[in-house]
Amino acid sequence: MKITGAEIFVESLKKEGVKHIFGYPGGVVLGIFDFLYDNKDVQLILTRHEQGAVHAADGYARSTGKPGVVLVTSGPGATNTVTGIATASMDSIPIVVFSGQVPTLLIGNDAFQEADIVGISRPCTKYNFLVKNVEDLSRIVREAFYIATSGRPGPVLIDLPKDVTAGKAEFTWPEVNIRSYNPTYEGNKWMITQAANLIAKSKRAVIVAGGGVILSGGARELRELAEFTDIPVTMTLMGLGSFPGTHELSLSMPGMHGSYYANKAIQESDLLIAIGMRFDDRVTGKIDAFAPHAKIIHVDIDPTSIRKNVRVDIPIVGDVKRVLTVLNKVLKEDMKEQWAEVRNAWLRQIDAWKKERPLTYTYSNEIIKPQFVVEKIYELTKGDAIISTEVGQNQMWTAQFYKFDKPRTLLTSGGLGTMGYGFPAAIGAQLAHPNKLVIDIAGDGSIQMNIQELATAVINKLPVKVAILNNRYLGMVRQWQELFFSERYSHTKLDESVPDFVKIAEAYGAVGLRATKPNEVEPVLREAFRIKRTVFMDFVVDWKEKVFPMVPAGAPIDHMLFEEQKEKTEKKLKAVK
Amino acid sequence: MRHTISLLVENKFGVLSRIAGLFSGRGYNIESLSVGETIDPQISVMTIVTTGDDQIIEQINKQLNKLIDVIKVIDMTELDHVEREMVLIKVAPKQEDKAEVLRLAEIFRGRIVDSSQRTYTIEVTGDEKKIEAIVELLKPMGIKEFVRTGKIAIAREGVKKG
């Protein structure tokens, strides 16, 4: 029996096990929306902006490991998804975006609400499709899900011309067979043995774990490796949660706002084991001065990540989980080292660095320190929550002061650095985890970038909590202006333009709470976590607070600036400049 | 160093754009490009000439391999191979040079594919050096128009360099 393209679309989603899609209607997708109107299997969550829909699908994907799905209309609907797609692309998040398109005969005619979204999204998708015949639709949907979720995951876009979704065809579900796409999962055994040899020989090894560990589901194998060989682990922003932040071998985050001891460990190491990470400039600082004494083992599923910006001694292309499984086996069976003894001196050195300069800030009784809010959130949730962040100081303080013990508990835009990501991402995560506490740690600047999604949260009864660290500035940019631009705060002072977030929350039917004194922080958080509704918490924080430590852009990562020695910091800054 | 890279790709719309986008998006330069169908009409072969240090060439090869529509990447520079390109040169020589133009065409095993009262159009095939040599020699005779294909390359059978 022939069915319409709209029905094939929904059938295909059902085959893929999709329960929720995020979207926004419009002219050319009316047929699909009509079919979704009384469909019981696939529920559409209406966001208030297409960008919100993509971030929500992204948060859904990051928190579950399953692909997030988006459906939008052509033209502006499609172009509004671009930031969300680029966000997912940079962080290797599997999402499938369906965009409506004008009828095939009108493509290229500058028709109403036409945009060449396949062309526009080409550089920021893993792959994209324009469906030209309804007969191809189900095959393409299946291929899209396969491409999005296999190998190094990423976003895939499918452009659906109106006549294709209105056309009719038999429903088929052919096996995926793409001859030119064969991701490598198994690491080269010889290379893995070489890696094991290097690990056995090293005296000052350090593991740098990235988002790939989480994507591959390799957290357990990573922990096994670290514990068995007694090697400390530092987690990149995307890798937070891949290894317990509370573990004694944890070094917290490395890089620009990383811990002193993580950066020291990398710089002094004789072996750097990079796992599922890609040596982002925020991690490496000055590349020529990065880990100068270390041999480098690099495990990544994407061959282009290897030797892209650092020299590598042992490249291993493969899935992190599978590679680590083999590596652990080789280490356990073939290596006779007394690990604890070998590492003793190194671990004592690291301990000394930890004591010398822990991640810290100066508490105040008078004014709320933003770090204090993050610490309190951690204390009250005991780490049992899904945390999303926006981008800027809020993101870095969360990375520094919230200890992520489990994978998929931090949702943050690491690669693209998208302000406005956290709130819709939290909405997506909450939908997937109705009984979990989901908290967006935001800034007053970022939250205004997708604040319209309050409507989505409220109408769908999603009890997302938003903790706004309100310093009335675009704080991270202000921090750079203070340090590098002679305190000329060009266009970063939001001040009286910052709206009353309590009133905004209330206007949308959510709950608004405010804390202006340190002793109000805990009661406000407790109240917010108790209420089973969407809550905005407005924390009026010290605007002067900066994120430290800090490595100025382009400096080696052990050239760090610290809070407490103002004079010394200024001197160092001059030297760096 | 200059590399000649041969690609087997799916013969679909948008593939050329993906490959061109890969180069432009990462700031790599394409010096020459030629595309054509293979015996199997579902597959095209592309020959790209590009320049870069070892690290860049390694990235280009890996990035090309990563593209979903790319079936195979062969860096011809690492193999013993034959390269060819073709030019069509329209020359408008003075009366006294006409004989010389024809002689040059013959020396370079070119063919006259069109002639008018004032012009000859010569087709020449060869490697880059040969093409450049004939162009240099014909320049003084007055080249009116000049079209050059991208390079195509094929590996020699059974021999591997190094």
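Computed from a prediction, not measured in an experiment: that's the story for all the values here. (Residues numbered from 1 in each chain as written. Chains lettered and ligands numbered in written order. Predicted model: local features only at pLDDT ≥ 70, side-chain atom pairs only at ≥ 80, totals over all residues. Heavy atoms only, no water.)

Moving on, we come to the overall build of chain B. Scanning chain B from N- to C-terminus turns up four helices and nine strands. When the elements of chain B are put in sequence order from the N terminus, they spell out β-α-β-β-α-β-β-α-β-β-α-β-β. In terms of overall dimensions, chain B has C-alpha extents of about 55 × 40 × 30 Å along its principal axes. Counting over 162 residues, chain B shows a buried share of 42%. In chain B, 24 positive and 25 negative side-chain charges are present, and the distance between their average locations comes to 2 Å. (Helix = DSSP H or I, 4+ residues; strand = E, 2+ residues; numbered from the N terminus. Buried < 20%, exposed > 50% of the residue type's maximum accessible area, 1.4 Å probe, protein only. Lys, Arg positive; Asp, Glu negative; His and termini not counted. Charge placed at Lys NZ, Arg CZ, Asp CG, Glu CD.)

Between chain B and chain A, the contact holds 20 residues from the first and 19 residues from the second. Buried area between chain B and chain A, both sides added, is near 1600 Å², and the carbon and sulfur share of it is 47%. Across the contact surface, chain B and chain A share three salt bridges. Two residues, Arg179(A) and Glu10(B), come together in a salt bridge whose shortest N-O distance is 2.8 Å. (Contact = heavy atoms within 4.5 Å. Buried area = accessible area lost by both parts, 1.4 Å probe. Salt bridge = Lys/Arg side-chain N within 4 Å of Asp/Glu carboxyl O.)

Further remarks concern the pattern of salt bridges. Evaluated as defined, the whole model comprises 46 salt bridges over all chains. One salt bridge connects Glu379(A) with Lys376(A), and the closest N-O pair in it is separated by 3.0 Å. Taken together, the residues Glu379(A) and Lys376(A), both in helix α16 (residues 370–381) and three residues apart, mark about one turn of the helix. Each of Arg2(B), Glu31(B), Glu83(B), Glu128(B) and Lys151(B) takes part in one network of salt bridges that share partners.

What follows is about unusual backbone geometry. All names here are of chain A. Across the junction of Phe-548 and Pro-549, the peptide omega takes the value 0°, indicating a cis bond. Locating Pro-549 in the fold gives a position in the loop between β19 (535–540) and α23 (566–576). If you check the backbone angles, Ser-252 has positive phi at about 65° while not being a glycine. Mapped onto the secondary structure, Ser-252 falls in the loop between β10 (233–235) and α12 (260–268). If you check the backbone angles, Arg-472 has positive phi at about 60° while not being a glycine. When you line up the elements, Arg-472 lands in the loop between β17 (465–470) and α20 (475–484).

Another aspect to go through is the nonpolar core. All names here are of chain A. Ranked by size, the top nonpolar core spans 72 residues in total, and within it Ile-275, Ile-297, Ile-377 and Phe-539 carry the most contacts. Here Ile-297 is in contact with Ala-195, Leu-198, Ile-199, Leu-271, Leu-272, Ile-273, Ala-274, Ile-314 and Ile-316, once residues within four sequence places are set aside. Listed in part, the 47 residues of the second largest apolar core include Tyr-60, Ala-61, Ala-88 and Ala-429. (Core = buried A, V, L, I, M, F, W, Y, C linked by side-chain atoms within 4.5 Å.)

Pairing geometry for strand β6 (residues 111–115) of chain B and strand β7 (residues 120–126) of chain B, over four bridges, is antiparallel. Each residue of the ladder has a partner; that of Asp114(B), found in β7(B), is Thr121(B). (Pairing = 2+ DSSP bridges.)

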